[in-house]
Amino acid sequence: MGFSRITDFVWIVNKALLILALILSAFIIIYDSVRKALDNRSQNRLENTKKLLRNLARSSKTPSKDTCSGIINRLTIKQIFDIVKSDEAAGSKEFKSHLTSCLEKAGKFDRLEKIASGSGRKWTRIQAIMTLGYCEIHSALPILKDALLSKDSDISYFSMLALGQIKNNMSARILLDFLEKKMYSGYKIVSILESFPRTIVKEVVNKTGSSDPVARFWAVKLLTTFKPQDHADRIEELTRDESADVRAASCEFLGELKNKRSLPPILQCLNDSAWFVRMRAVRALFSLLEKDCVSYIIGMLNDPSKFVKESVKEVVIQDIESYLPHIETCLLTGSEEAKKCCVDALVDSEYISQLLKSLLSEHPDKKERATALLAALIRSDFYFGLKKVLDTFPGNDRKSILEIIKSMDSGLEKRIR
Amino acid sequence: MSFEIFIAITFPFFISYFLILMLYYCLLIFIGFIEGGKRSHQHHAEDYASLSFSTFTIPVSIIVPAHNEEVWIRDSLLSILNLDYPKFEVIVVDDESTDGTLKKIDDMLDLDSANNPFVDQFKSGKISNILKSNIHPNVTVLSRPLQYKEKRDVTVISKHSGYKKAGALNTALNMVKYKYVCIIDGDTILEPDALKKVMIHIQKNPENIIGIGSYFGLVNGFTLQDGMVVERHFFKNLITAYQNLEYIRSFIGNRIAWSRYNCLPIISGGFAIWRRDVIMDMGGFSTSFSSEDLEFTFRAQEYVAKNKEKRYRIMMLPYYVGWTQGPSSVRTLIQQRNRWQRIENEGMWRYRHMLLNPKYGAFAFLSLPYFLLYEVLGVFFELFSIILVLTGALLGFLDVKMLLAFLTLMILSYSLISISSLFSFIRNQKMFRTRDLFFFICLSFLESFWYRWVLAIAKISGTYSFLRRVRSHDQYLRTR
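Report follows, based on the coordinates.

What counts, and where the lines are drawn
- Residues numbered from 1 in each chain as written.
- Chains lettered and ligands numbered in written order.
- Predicted model: local features only at pLDDT ≥ 70, side-chain atom pairs only at ≥ 80, totals over all residues.
- Heavy atoms only, no water.
- Helix = DSSP H or I, 4+ residues; strand = E, 2+ residues; numbered from the N terminus.
- Rg over C-alpha atoms; globule rule 2.2 N^0.38 Å.
- Buried < 20%, exposed > 50% of the residue type's maximum accessible area, 1.4 Å probe, protein only.
- Contact = heavy atoms within 4.5 Å.
- Areas by Shrake-Rupley, 256 points an atom, 1.4 Å probe, with all protein chains shown as cover.
- Polar contact = N/O pair within 3.5 Å; in protein donor to acceptor, adjacent residues only side chain to side chain.
- Buried area = accessible area lost by both parts, 1.4 Å probe.
- Salt bridge = Lys/Arg side-chain N within 4 Å of Asp/Glu carboxyl O.
- Axes fitted to C-alpha atoms, helices over the stretch in contact; angles between N-to-C directions.
- Parallel < 35°, antiparallel > 145°, perpendicular 65-115°, else oblique.
- Expected span 1.5 Å × (residues − 1).
- Bend = angle between axes of the 7 residues up to and from the residue.
- Core = buried A, V, L, I, M, F, W, Y, C linked by side-chain atoms within 4.5 Å.
- Pairing = 2+ DSSP bridges.
- Nonpolar A, V, L, I, M, F, W, Y, C, P; charged D, E, K, R; others polar.
- Disulfide = S-S within 2.5 Å.

1. Observations concerning the overall build of chain B
Alright, step 1. If you tally the helices and strands in chain B, you get 14 helices and 14 strands.
Alright, step 2. Since a compact globule built from 480 residues should have a radius of gyration of about 23 Å, the 23 Å found for chain B is in line with a globular shape.
Alright, step 3. Over its C-alpha atoms, taken along the principal directions, chain B stretches across nearly 75 × 50 × 50 Å.
Alright, step 4. For chain B, with 480 residues in total, the buried portion stands at 61%.
Alright, step 5. Considering only contacts in chain B between residues 6 or more positions apart, those separated by 24 or more positions represent 81%.
Alright, step 6. Carbon and sulfur atoms provide 59% of the accessible area of chain B, an area that totals close to 18,900 Å².

2. Quick word on the environment of R74(A)
Residue and element names in this part refer to chain A.
Alright, step 1. Within the secondary structure, R74 is located in the loop between α2 (65-72) and α3 (77-85).
Alright, step 2. Residue classification places R74 among the partly exposed residues on the basis of a relative accessible area of 38%.
Alright, step 3. Placed 25 residues apart in sequence, R74 and T49 show a C-alpha to C-alpha distance of 9.7 Å.
Alright, step 4. Residues in contact with R74, not counting those within four places in the same chain, are R45, T49, L52 and Q79.
Alright, step 5. Polar contacts involving the side chain of R74 include one to the main-chain carbonyl oxygen of G70, which spans 3.4 Å.

3. Focus: the interface of chain B and chain A
Alright, step 1. Counting residues at the interface gives 54 residues for chain B, matched by 53 residues for chain A.
Alright, step 2. Interface of chain B and chain A: buried area, both sides summed, is about 4,600 Å²; carbon and sulfur atoms make up 65% of it.
Alright, step 3. Per-residue buried area on chain B facing chain A is highest for H44(B), F56(B) and K204(B); these three make up 15% of the total on that side.
Alright, step 4. Put simply, chain B and chain A have two salt bridges between them.

4. A short note on the packing of helix α13 (residues 213-226) of chain A against helix α15 (residues 244-257) of chain A
Residues and elements named next belong to chain A.
Alright, step 1. Between α13 and α15, whose axes approach to 9 Å, the crossing angle comes to 10 degrees. Looking at the two axes, α13 sits roughly parallel to α15. Across the interface between the two elements, P213, R216, F217, V220, K221, L223 and T224 from α13 touch D245, V246, A249, S250, E252, F253 and E256 from α15.

5. Quick look at the pattern of salt bridges
Residues and elements named next belong to chain A.
Alright, step 1. Within this structure, the stated rule accounts for 50 salt bridges over all chains.
Alright, step 2. Among the salt bridges present, the one from E88 reaches R54, with a minimum N-O distance of 2.4 Å. Residue E88 is found in helix α4 (residues 87-91), and its partner R54 is found in helix α1 (residues 2-59); the two are separated by 34 residues along the sequence.
Alright, step 3. Look at the salt bridges and you will find they share partners, linking D32, R35 and K36 into a network.

6. Some thoughts on helix α20 (residues 320-333) of chain A
All names here are of chain A.
Alright, step 1. For α20, built from 14 residues, the straight-helix expectation of 20 Å at 1.5 Å per residue is met to within 8% by its first-to-last C-alpha distance of 19 Å.
Alright, step 2. At H326, α20 shows its maximal kink, close to 40 degrees.
Alright, step 3. By the burial criterion, the buried members of α20 are I320, Y323, L324, I327, C330 and L331.
Alright, step 4. Where α20 is buried, its residues contact α18 (294-297), α19 (306-318), α21 (336-348) and α23 (364-380).

7. Some remarks on the nonpolar core
Alright, step 1. Counting 300 residues, the largest nonpolar core has L356(A), I405(A), I62(B), I80(B), F271(B), I273(B) and F432(B) as the members making the most contacts within it.
Alright, step 2. Leave out the neighbours within four places in its chain, and F432(B) touches D32(A), K36(A), F234(B), I248(B), L422(B), F425(B), I426(B), L437(B) and F440(B).

8. Topic: the pairing of strand β13 (residues 271-275) of chain B
All names here are of chain B.
Alright, step 1. For β13, the tally of buried residues reaches five of five residues, placing the bulk of the element in the interior.
Alright, step 2. Because side chains alternate across β13, one face comprises the buried residues F271, I273 and R275, and the other comprises A272 and W274, equally buried.
Alright, step 3. The pairing of strand β8 (residues 180-184) with β13 spans five bridges and is classified as antiparallel. Residue Y180 lies in a different strand from β13, and its bridge partner there is R275.
Alright, step 4. As paired strands, strand β10 (residues 209-218) and β13 are joined by three bridges and run antiparallel to one another. Paired with I212 across the bridge in β13 is I273.

9. Topic: the pairing of β8(B)
Residues and elements named next belong to chain B.
Alright, step 1. Taken across its five residues, β8 has five buried, putting it largely inside the fold.
Alright, step 2. Residues of β8 alternate between two faces, with Y180, C182 and I184 on one and V181 and I183 on the opposite face, all of them buried.
Alright, step 3. Pairing of strand β1 (residues 60-66) with β8, which is carried by four bridges, proceeds in the parallel orientation. Each residue of the ladder has a partner; that of S61, found in β8, is V181.

10. Quick look at the sheet that holds strand β4 (residues 129-133) of chain B
Residues and elements named next belong to chain B.
Alright, step 1. Reading across the sheet, the 10 strands line up as β3-β4-β5-β2-β1-β8-β13-β10-β14-β9 and stay open at both edges, with mixed pairing between neighbours. The open sheet has two edge strands, β3 (111-113) and β9 (189-190), and neither has a second partner.
Alright, step 2. Where strand β2 (residues 88-95) lies against strand β5 (residues 139-144), six bridges are found, and the strand directions are parallel. Bridged to D94 within β5 is S143.

11. Some thoughts on the environment of I266(A)
All names here are of chain A.
Alright, step 1. Take I266: it is sitting in helix α16 (residues 263-269).
Alright, step 2. Taking the C-alpha atoms as reference points, I266 and A281, 15 residues apart in sequence, are found 5.6 Å from one another.
Alright, step 3. Excluding anything up to four places from it in sequence, I266 contacts L254, G255, A281, A284, L285 and L288.

12. What to know about the side chain of R39(B)
Residues and elements named next belong to chain B.
Alright, step 1. Mapped onto the elements, R39 comes out in helix α1 (residues 3-45).
Alright, step 2. Using a relative accessible area of 7% as the deciding quantity, one classes R39 as buried.
Alright, step 3. Once residues lying within four places of it in the same chain are set aside, the contact partners of R39 are H201, M315, L317, P318 and Y319.

13. Let's talk about the environment of R311(B)
Alright, step 1. Here R311(B) lies in the loop between α9 (293-306) and β14 (313-324).
Alright, step 2. Sequence spacing of R311(B) and N262(B) is 49 residues, and the spatial spacing of their C-alpha atoms is 10.0 Å.

14. Concerning the packing of helix α11 (residues 361-376) of chain B against helix α12 (residues 378-395) of chain B
Residue and element names in this part refer to chain B.
Alright, step 1. With their axes 4 Å apart at the nearest point, α11 and α12 run at an angle of 35 degrees to one another. Contacts between α11 and α12 involve L373, Y374, E375 and V376 from the first element and G378, V379, F380 and F381 from the second.
Alright, step 2. Class assignment for the residues of the contact of α11 with α12 results in six nonpolar, one polar and one charged.

15. Concerning the state of the cysteines
Residues and elements named next belong to chain A.
Alright, step 1. Across all of its chains, the model carries one disulfide over all chains by this definition.
Alright, step 2. Disulfide pairing places C68 opposite C102 at an S-S distance of 2.4 Å. Looking down the S-S bond of the C68 and C102 bridge, the torsion is -75 degrees, so its handedness is left-handed. Remark: C102 occurs in helix α5 (residues 93-105) and C68 occurs in helix α2; sequence separation between them is 34 residues. Judged on exposure class, the residue C68 and its partner C102 are both buried.

Structural data, given as structure tokens:
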């Protein structure tokens, strides 16, 4: 009896679920069809609007208020945003100019600013914010600055993007100050600022004096993309900054500038306590001095950090022949890690084949140097692909080289044979 | 105790179990619906073009482990090389392939032996060659283990090292240059904007986001041209059509909601991006499990909890980033789901200490209980209910009307869950034609008549294999 009542109840629930499922299914189909139709209509409207704006641009006549109102007033905020963001607006200054002019004449910017200041509907507000940004409305800067500090992460984020479209000193200052809020990663903010004109360099240099080391760090990273020669002094000072990240970024900047006057501070960074500062210093030295940096950096092969050694290796590979005497010394007297680094450098630069060819050289000096280097390589006990390279040599040459190897290490020669 | 009394005692237990599951799914779908809507708005307003031009765009290392992928590897690699992203490298691991995978890659990329020194930090197994592409300098191929002779006669050494996909990933990790690592399968076809859609979120917050995934579907039946999807056909094969529906339910219905509360239990290995330093800190991928993706995500959640002060996040996005091959027959489906059940059991067993442990936050209270009760123990409930029904029928106690009522309840409940997930999906993605939608809705109603029972068989066999300590990473035969 009890089960019978439960069964009846379940059947009632089933009927309700079935009706709900059928209604939802019908709703989905209708929703999808209607949405597609509306999207098509919206798309057509956008295309027509773009066409009218294109014609306006071509006619080179100043459009009247009525003309503009006729074009713009039938568009929603979302549609206006779609047009300002479109490839056409991005690609054609004329098109964008006429679009902006039309929006202004139609009185749309007042409405957009009002929405951007605080509309109930969040995403409409964001669309208004972005539109103001894309149209580079300078008078909207205070609104965007306020929105940047919104508690809503989306409003804040898109205000940041909108400010990034305006690209003047004021918006740069706002974004640089925003670095210190740490609401978003410095990567994002500097990637926006990177596309600003060089006129913002002074603002960025000012930011290098911030009390926040993260802000200083990103300011220096940003300056590296602008490479302002006349601010090298300031960055040289920052090689002594309390933050290791700032010191590293400063070395990178000075390396990019390629100004030999900056040599002393970079050399100082070779002795820095932080491995990544030393690593950057190595790279900066190579950038500055190229081949001539060998005497400064070769000692870094004994650096405790494998990353610093790697960076030395990368430099050595660029011009392996210049570094051969140092490599040989390192193979004989260096630490295990330093030796490995030297072996890697020879292998990565594909020098082993040339080394073996030099063993067959008719110049006694060349042959002697090659023999000494090969002996040092074999004694290091690290794998360097000897057999594989040797297999590429023709029969007689291979035999001759094996004879030389035999005199150094008969066991190795047997294994190769 | 008579059978009727037995039913009276167990019945409320089963019905409660079922109702809790349905309520849980409804909650997840609701949260996923809201979160998906937000992501859709973000996607529409986002400025993706800036990624293409900025020197601060975070570069990515893409790892492609390929074991016997000669059917798909060309399209997969072409789709990667077609990516609209400014800076990335590709490391392909030809993982003990016994077919023409390496030859296909060579034909496409013109490989040459590079002979770079290789330091194996993970004991991932021997590699026989490091090859570089002459056409695409950012592509490296690691061959393990395969003899690659001078004149490009490929000699295949058939050897089962037991390192599985995890081993291949670890091999590639030894060569990875960049901070973020994107892992895909050898049969994954990426959309050109896949990396952009995902990395733009990482770029907002690289200090906190350590792992991110996104939706991908099944490529079976699609028309491809040079690594790009030209036409989508979702219904050429019924088995894959059901799987597409399942993926929508899982990705959009469940994972988006879990991501919202930072308790995502899995980022699928078909497309996953992880921060390299975190992978290294965690010791790489484990070769001890039937699959590496679920176990790694569980371990990553443990890592997140252990580093609470760093506020790490593991996210899932609802954007479609690509397509992968799925099983197209019942046999291969069971084979795949057998392995999935095994990894669920293995993961749950290995990380049982996290269950309901406040130290592990939302993961311990929202995700793991679901996993235990429904993914791991669910198979026992299903088996038990089948036994109960059969026993009742044999003993003549079975009330057919009651049985039909509850079966109908089950069918309609699951259908509603699927249809709701479908709605959540189409609200933000304009991928389906209206007739595709209609077919998916029909499948939602029909799923419980046979597809779910096939999965139940696979789950039962997977659990049995787990108890027998089977840990193999079986790959079903690739077809087109």
